[in-house]
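# Descriptive analysis of the structure
Chain by chain, the residues run as shown.
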Amino acid sequence: MMPMVRESIDRNSKLLKHMNVTELQGDGIMNILAAIPEAVWTDTVGSINEINLSVSQLKTFGSKLGAYISIKNPHLEDSDEDLAATIIEALGQSSGYGLDKALVYGKGKGSNVPVGFVTRLAVTTQPAWWQDKMPAFKDISKTHIGKRSAESVTGIALFKELIEVLGKATPTYNATSGSKFWAMKESTFMNLQSELLSFNAAGAIVSGASMEMPVIGGKIELLDFIPDGDICGGHGSQYKVVKRRGIQMRRLNEIRALEDETVFMATSRWDGFPYSGEGFALFSLNTDGPKTSLEFAADTANSDQE
């Protein structure tokens, strides 16, 4: 059953494939290279120039993402194979949803959730989760977060405002993996398409069919937890995801034996940090601006340990 669970989580996480993912067990230090500087041309017998290669360090930890489902044994006995596949898909969807939400809105230190890239965009002073060996903190909330200036701004004028903000997302650090993406709710995507139709029908139809953001590029990913009207994303290469341990699937028959139930449990361990906030941006089609934080499912199983 484990390969099916792993495939389900990979399929249901829409953002993981865009990020810079590394597998690592235990705590560790990761070196992050800044943009590679240009080499210098000289005369054939000239001296070689020294270039500065900026290196920062990111310390990774690791939090656990998990869920379980209890199933009445008679249901399993009547349709074991079909129901097991349904359970696997449900656990995959739950885990993928939780991972994606953390990559966008995770609150970092003290929350047991990785730092989300929108969380990084919104902070105006150095937060508690900023690490000592990272570069000096920079407030980018005014340059990389924007909104529709007025309800009267529509069509091409609105799209210009959107491009001006989302276009600020630029890669600062050198990375070998990751791709550009833009995440939004489906209703926001349809709203954006209607705005495009108002000035370029052919372009809007092509962009809608290909799920690519017009002009600035990047694959569009639809996530229902993104607030209505908000568009966020950028260069996934600038977000380091550390995969501590892949999905672990367990089938437990004893825990709820008296209730005649079997428990299916899935766990995985992750860490994440947007080491370059400048690689991301956030824009709202609403004039009151985007939301920069969301609440996560309560950890009720450990509430008595707080």
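Per chain, residue numbering runs from 1 following the sequence as it is written. Restriction of local features to residues with pLDDT of at least 70 applies here, the model being predicted, together with a cutoff of 80 or more for giving and counting side-chain atom pairs; totals for whole chains, interfaces and linings are based on all residues. By convention in this description, side-chain values take in all heavy atoms of the structure and omit both hydrogens and water.

## Details of the overall build of the protein
The criterion, for reference: Runs of E in the DSSP output that reach at least two residues are strands. Runs of H or I that reach at least four are helices, and both are numbered from the N terminus. Remark: exposure states derive from per-residue accessible area (1.4 Å probe, protein chains only) relative to the maximum for the residue type, with buried under 20%, exposed over 50%, and partly exposed in between. Two residues form a contact once any of their heavy atoms are found within 4.5 Å. Only the protein chains shown count as covering a residue, and every accessible area follows the Shrake-Rupley method with a 1.4 Å probe.
When helices and strands are tallied, the protein shows eight helices and 13 strands. By residue count, 44% of the 306 residues in the protein fall in the buried class. Taking the contacts inside the protein whose residues are at least 6 apart along the sequence as the reference set, 77% of them involve residues at least 24 apart. Carbon and sulfur atoms make up 52% of the accessible area of the protein, which amounts to about 16100 Å² in all.

## Regarding the packing of aromatic side chains
Counted only if it meets this: Pairing of aromatic rings covers Phe, Tyr and Trp, the last counted by its six-membered ring, and requires centre-to-centre distances within 6.5 Å; plane angles under 30 degrees mean stacked, over 60 mean edge-to-face, and any other angle means tilted. We call a charge positioned above a ring when the Lys NZ or Arg CZ atom is no farther than 6 Å from the ring centre and deviates by at most 35 degrees from the ring normal.
Throughout the structure, instances matching the rule amount to eight aromatic pairs. A ring pair is formed by W129 and W130, whose centres lie 6.2 Å apart and whose planes are at 45°; its orientation type is tilted. Like W130, W129 is buried. Above the plane of the ring of F296 lies K101, whose end atom (NZ or CZ) is 5.0 Å from the centre.

## Topic: the pattern of salt bridges
The criterion, for reference: Any Lys or Arg side-chain nitrogen found within 4 Å of a carboxyl oxygen on Asp or Glu counts as a salt bridge.
Tallying each qualifying case throughout the model produces three salt bridges. Where K17 meets E221, a salt bridge forms, and the shortest distance between an N and an O atom there is 3.2 Å. Separated by 204 residues along the polypeptide, K17 in the loop between α1 (2-12) and β1 (20-23) and E221 in strand β9 (residues 219-222) bring together distant segments of the chain. Look at E221 and you get buried, because its relative accessible area is 6%.

## Concerning the pairing of strand β10 (residues 230-235)
So the rule is basically this: At least two bridges found by DSSP between two strands is the condition for calling them paired.
Of all six residues making up β10, six are buried, and the element is well covered by its neighbours. Two elements, strand β8 (residues 180-184) and β10, share five bridges in a ladder whose sense is antiparallel. Its bridge partner lying in β10, M184 is registered against I231. Relative to strand β13 (residues 280-284), β10 runs antiparallel, the two sharing five bridges. The residue bridging C232 from the neighbouring strand is L282, located in β13.

## Brief notes about the sheet that holds β13
Spelled out, the test is: For helices, the fitted axis covers only the stretch in contact; all axes are lines through C-alpha atoms, and the angles between them, taken along N-to-C directions, range from 0 to 180 degrees.
Ordered in space as β7-β13-β10-β8-β9, the five strands form an open sheet in which the pairing is mixed. The open sheet has two free edges, formed respectively by β7 (145-147) and β9, since each of these has just one partner strand. Strand after strand, the sheet turns through a mean of 20° between neighbouring axes, direction not considered. Pairing between β8 and β9: four bridges, direction parallel. Residue pairing for β9: A183 is matched across the bridge by E221. Running at roughly 155° to β13, helix α6 (residues 155-166) makes contact with β7, β8, β10 and β13 of the sheet. Here helix α7 (residues 186-197) sits on the sheet and contacts β8, β9 and β10; the angle it forms with β8, its principal contact strand, is near 105°.

## Here we look at the pairing of strand β12 (residues 261-273)
Both faces of the sheet carry side chains from a regular strand, because those side chains alternate between them. Of all 13 residues in β12, 11 are buried, a share of seventy percent or more. With 10 bridges connecting them, strand β4 (residues 63-72) and β12 associate as antiparallel partners. Directly across from K64, in β12, lies its bridge partner R269.

## Here we look at the nonpolar core
Selection rule: Each nonpolar core is a collection of buried residues, namely Ala, Val, Leu, Ile, Met, Phe, Trp, Tyr and Cys, held together in the definition by side-chain atoms within 4.5 Å.
Judged by nonpolar contacts, the single largest core of 24 residues is most densely connected at L15, M19, V104, F117, I226 and C232. Of the residues forming this core, the biggest block, four residues, is contributed by helix α3 (residues 80-105). Not counting the four nearest positions on each side in its chain, V104 is found in contact with L15, G116, F117, V118, T119, F225, I226 and C232. Residues L166, M184, M213 and I220 belong to the second largest nonpolar core, which totals 19 residues.

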